[in-house]
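If you want the building blocks of each chain, they are given just below.
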Amino acid sequence: MQAPKLGNLTQSIAFDEFGQPFIILREQDKQSRLRGKDAHKANILAALSVAKIMRTSLGPRGMDKILVSPDGDVTVTNDGATILQKMDVTHEIGKLLVELSKSQDDEIGDGTTGVVVMAGALLEEAEKLLDKGIHPIRIAQGFEDACQVAVDHLAKIADRVPWTEKKLDALYETASTTLGSKIISRFQKQMAKIAVDAVLSVADLKRKDVNFELIKMEGKVGGRLEDTMLVSGVVLDKEMSHSQMAKEIKDAKIAILTCAFEPPKPKTKHKLDITTAEAYKDLYEREQKYFKDMVQKCKDSGATLILCQWGFDDEANHLLLQSKLPSVRWVGGVEIELIAIATGARIVPRFADLAPEKLGKAGLVREISFGTQNDKMIIIEKCPLSKAVTVLIRGGNQMIIDEAKRSLHDAMCVTRNLIRDNRIVYGGGAAEIACSLEISKFADSVSGIEQYAVRSFADALEQIPITLAENSGLPPIPALASVRKAQIEQQCHHLGVDCLQKGTLDMKKQRVFETLIGKQQQLLLATQLVRMILKIDDVIQPSDKF
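Since we're looking at a predicted model, the values are computed, not measured.

Asks: Describe helix α10 (residues 333-343), and please don't skip the residues or the numbers.
Replies: Glu335, Ile336, Leu338, Ile339, Ala340, Ala342 and Thr343 are the residues of α10 that are buried. One or two positions beyond α10, positive phi appears at Gly344, with a value near 80°.

This is the structure:
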């Protein structure tokens, strides 16, 4: 029975066996609804809109995006996860693509743009199949089967890269490939070396594990990008608490304090009346005694450098200078933990607990100056337990430094993945074309309507090399055709698009690598998302017309 109309709106009302009406959807007049094919089309369109934004950022010649926040902060990047995070996507399906990119970033750390482009290509193919009248579930099943074939084939064609602590070329080359599409690609080799050395400094090679919390990235505006360096220790964006304190301390014994350099204060409200000069003098002497006792306890412990989490006033600062005890105030909690790990120090909460065995050791602590603005930093290096390292990034402006941090983080993640599993596939779209050819062969053995979906998956994989060629200024169709032809004729899976126009299609010779687990994760995550979108056939949401 047709639902009755109320004004211009239709209520979802049904009638029971006694003829009594009951409402199926409450406040239906305040909700808009898309069903069936309309819902599929709307969802695919929303996802494609987001994916198309990312396409131009793929590959070594990918373009950067400039993103302006509501506060006016400017970000320039071509990192997929960062672009989507800062785009403030409001559509529900668009948000799924943001989460997809974030998942790839959290799990692998690289390939965040590629995974979104891949999902977009699959949805484009799915739309064509829907227009042919194929049921979405059959499409999703075909994609799932094809994805499994691709993942298995990637494992089959993967090469192992042998590396040891003395022979790190494979790690440098893989990190270098990751940095190829970034803004810092001019100094690819230098940055790749910094990323790999930082990871190996903190890696537990027996457990094949890397603790990224021990790698600190510090940026300082000014200088050139190539002045970026790796410090085997900790860099503090602080200066000595007094300008006349020693700027360089060799064989430093470091006391780390989380208690303030000041007399204790009552926690209750109090009032102190001073009526005579003698009483004021007595109060002053007592305060001086507190300060002197604190400084003396530091001296007695054998400390030659004090790092305090809290501030201290000029009186304490003056006494520390007189005692020739260099000190740094307002050191952050994260830095304190890193310094404690690197130097072997114990964090001391009370002056009474200070003891020689609780001090940390460092071969050299020095204060360095930058530029003409009197900017200073403190470097703690030659630490006995040098598990904590700091990358000090220099650059012309804050945007460059932020992008360099993101780029180095990606390279570090790829290095960690290679330490966990040293299998690699070749870049430049070589792995995608090899999988596409394998899936096309597999499609011949598939009976039923899923065959259409399997072939469409193979076509979608070819969108990656097409996009790489487009972004590199090459004619996309001829570039793809020549690589396909070469792969089929030579039975060689490491031929890809020559994005950098080095004169060879052989990615093995060009040393363009990607980790196997990163590439497999891309295909699996993209396929899962597309399957989820294809299973949505009804969208109910509040209407704008209230």
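Asks: With reference to specific residues and values, describe the pattern of salt bridges.
Replies: Counted according to the given criterion, the structure contains 31 salt bridges. For Asp293, the salt bridge identified is with Lys289, shortest N-O distance 3.2 Å. Taken together, the residues span about one helical turn, with Asp293 and Lys289 both in helix α8 (residues 277-300) at a distance of four residues. Using a relative accessible area of 34% as the deciding quantity, one classes Asp293 as partly exposed. With a relative accessible area of 52%, Lys289 lands in the exposed category. A salt bridge links Lys519 to Glu514; its shortest N-O distance comes to 3.3 Å. With a relative accessible area of 5%, Lys519 lands in the buried category. If you follow the salt bridges from partner to partner, you end up with Asp204, Arg207, Asp209 and Arg420 in one network.

Asks: So, the nonpolar core: which residues are in play, and what are the values?
Replies: Ranked by size, the top nonpolar core spans 84 residues in total, and within it Phe261 and Ile380 carry the most contacts. With nine residues, helix α7 (residues 188-202) is the largest single contributor of residues to this core. Sequence-distant contacts of Ile380, that is, excluding residues within four places in its chain, are made with Ser232, Gly233, Val234, Leu236, Ile254, Leu307, Ile339, Thr343, Ala362, Leu364 and Val365. In terms of nonpolar packing, the next biggest core, distinct from the first, is built from 72 residues, Ala434, Leu437, Ala479 and Val530 among them.

Asks: Provide a residue-level description of the sheet that holds strand β11 (residues 215-221), including the pertinent values.
Replies: Pairing is mixed across the open sheet formed by three strands, whose spatial order is β11-β20-β12. Each end of this open sheet is capped by a strand with a single partner; those strands are β11 and β12 (229-231). Averaged over all neighbouring strand pairs, the angle between strand axes comes to 25°, with direction disregarded. With three bridges connecting them, β12 and strand β20 (residues 389-395) associate as antiparallel partners. Paired with Leu230 across the strands is Val391, a residue of β20. The sheet contacts of helix α11 (residues 398-420) involve β11 and β20, and relative to β11 the element is tilted by about 160°.

Analysis parameters
Each chain carries its own residue numbering, running from 1 in the direction its sequence is written. A pLDDT threshold of at least 70 governs which residues receive local features in this predicted model, and a stricter bar of 80 or more applies before side-chain atom pairs are shown or counted, although totals over entire chains, interfaces and linings include all residues. Derived side-chain values reflect all non-hydrogen atoms in the structure, with water molecules and hydrogen atoms excluded from consideration. Only protein chains enter the area calculation, which uses a 1.4 Å probe; residues under 20% of their type maximum are buried, those over 50% are exposed, and those in between are partly exposed. What counts as a helix is a DSSP run of H or I of at least four residues, what counts as a strand is a run of E of at least two, and both are numbered from the N terminus. Basic side-chain nitrogens of Lys or Arg form a salt bridge, by our definition, when they fall within 4 Å of a carboxyl oxygen of Asp or Glu. In this text, buried Ala, Val, Leu, Ile, Met, Phe, Trp, Tyr and Cys residues form a nonpolar core when linked through side-chain atoms within 4.5 Å. We call two residues contacting when some pair of their heavy atoms lies within 4.5 Å. At least two DSSP bridges between two strands are required for those strands to pair. Note on definitions: angles span 0 to 180 degrees between N-to-C directions of axes, and those axes are lines fitted to C-alpha atoms, for helices only across the stretch in contact.

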